[in-house]
Amino acid sequence: MRKSVIAGNWKMYKNVGDSVTTAVALKPLVANANHCEVVIAPVFTALKSVADRLEGSNIRVSAQNCATERAEGAFTGEVATFMLRDAGCSHVIVGHSERRQYFLETDQIVSQKTQAGLAAGLMVIVCVGETLEQRDQGKALDVVKGQIVGSLSGLTASDLDRIIIAYEPVWAIGTGRTATPEQAQEMHAFIRRVFAEGHSPAAAEALRILYGGSVKPDNIAGLMKQTDIDGALVGGASLSAESFAQIVNYK
Ligand code: PEP
């Protein structure tokens, strides 16, 4: 039985004070959410303060990105995964479509970041998803398969239980346009098959696959009814403690 994960990606919103205020407000609202793991991903500068305030709670803290390099060194502007651990993170998101699109991250870079996250003992949320153009051209499955294979190359069997995949169709992120539960289910089932081929049926069965793209309190239940949807990566609707809590407590 896979335990679902509901993760909030705060993107480049909220200063330290606002991040702490939202996190503290969220704590009692999700305190009884035993059916899923709850994760929030504030900006780098707020990670430590938020993690400190959430200590002892059931909310885990994730970074939104990390360096490809594992050790400290002369890499101006980068943050290594061991530093994220040190700041109180248990998770890191890699390969978000905004990073692929605006910062030209390739599958190879995402793969290096995945490996760096694993090396530091983090859970790694690896994002994949096709653009509208790719979907309209009938290429969605091929694109996502390429991203899965490319972003997860070189993983060993012992790494697999610390990988979470987030399927986020680019056309559904921040657009208010959600994939239908059936569209999402089709892709999630496909991702599980790709993972089984690349690793093992048992690892694929245990893999958590999150859906992301305009998830809101009023569409989460329909998505979560699908067999292969094991949670959500939520952007806009995670910025308010109340709406994120409604998503977490969708049952
Ligand atoms: C995201 O940023 O991962 C995301 C899914 O955003 P939104 O929920 O706003 O579409």
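Residue positions within a chain follow its written sequence, with the count starting from 1. Only residues with pLDDT of at least 70 are given local features in this predicted model, and only at 80 or more are side-chain atom pairs given and counted; all residues enter the totals for whole chains, interfaces and linings. Remark: hydrogens and water are excluded; side-chain values derive from all non-hydrogen atoms of the structure.

This brings us to the overall build of the protein chain. Labels follow the DSSP assignment, with helices taken as runs of H or I lasting at least four residues and strands as runs of E lasting at least two, numbered in each case from the N terminus. When its secondary structure is counted, the protein chain shows eleven helices and eight strands. It is over C-alpha atoms that the radius of gyration is taken, and the globule rule equals 2.2 Å times the number of residues to the power 0.38. A globule of 251 residues ought to have a C-alpha radius of gyration of about 18 Å, and the protein chain, at 17 Å, matches this closely. Expressed along its principal axes, the backbone C-alpha trace of the protein chain runs to roughly 45 × 45 × 35 Å. When a residue's accessible area, from a 1.4 Å probe over protein chains only, is under 20% of the maximum for its type it is buried; when over 50% it is exposed; and in between it is partly exposed. By the burial criterion, 53% of the 251 residues in the protein chain qualify as buried. Contacts are assigned to residue pairs with any non-hydrogen atoms lying within 4.5 Å of each other. Excluding contacts between residues fewer than 6 apart, the proportion of contacts in the protein chain whose partners are at least 24 apart in sequence is 72%. Think of it this way: Lys and Arg go in the positive column, Asp and Glu in the negative one, and His and the chain ends go nowhere. Taken as the charge centre is NZ of Lys, CZ of Arg, CG of Asp or CD of Glu, depending on the residue. On the protein chain, the mean spot of the 24 positive side-chain charges and the mean spot of the 26 negative ones are 4 Å from each other.

Positioned with a positive phi, K14 is a non-glycine residue whose angle comes to about 80°. Along the polypeptide, K14 turns up in the loop between β1 (4-9) and α1 (16-29). Take K14: its relative accessible area is 23%, and that puts it in the partly exposed class. Within the chain, L104 stands out as a residue other than glycine whose phi angle is a positive 55°. Residue L104 is classed as exposed on the basis of its relative accessible area of 63%.

Let's shift gears to the site of the ligand. The cutoff for a nearby residue is simple: one of its non-hydrogen atoms must lie within 4 Å of the molecule or strand. Near the ligand lie 14 residues; those nearest to it are K11, E168, G174, S214 and G235. Polar contacts, as counted here, are pairs of nitrogen or oxygen atoms within 3.5 Å of one another; within protein the pair requires one atom able to donate a hydrogen and one able to accept it, and residues that are adjacent in sequence qualify only if both atoms are side-chain atoms. Taking K11, its side chain carries an N or O atom lying 2.8 Å from an oxygen atom of the ligand. Between the ligand and G235, the relevant distance is 2.8 Å, taken from an oxygen atom to a main-chain nitrogen or oxygen of the residue. All accessible areas in this document rest on Shrake-Rupley with a 1.4 Å probe, and a residue is counted as covered only by the protein chains that are shown. The fraction of the free accessible surface of the ligand (290 Å²) that becomes covered by protein chains is 96%.

Counting residues in each nonpolar core, the largest one holds 68 residues, and the members touching the most others are I40, I163, I165, I191 and Y211. In this structure, I40 is in contact with G8, W10, A23, L26, V50, L54, I59, R60, V61, S62 and F244, ignoring residues within four places of it in sequence. The next biggest cluster of nonpolar side chains, apart from the first, holds twelve residues, and it includes V39, A41, M123 and L233. In these notes, a set of buried Ala, Val, Leu, Ile, Met, Phe, Trp, Tyr and Cys residues joined through side-chain atoms within 4.5 Å is what counts as a nonpolar core.

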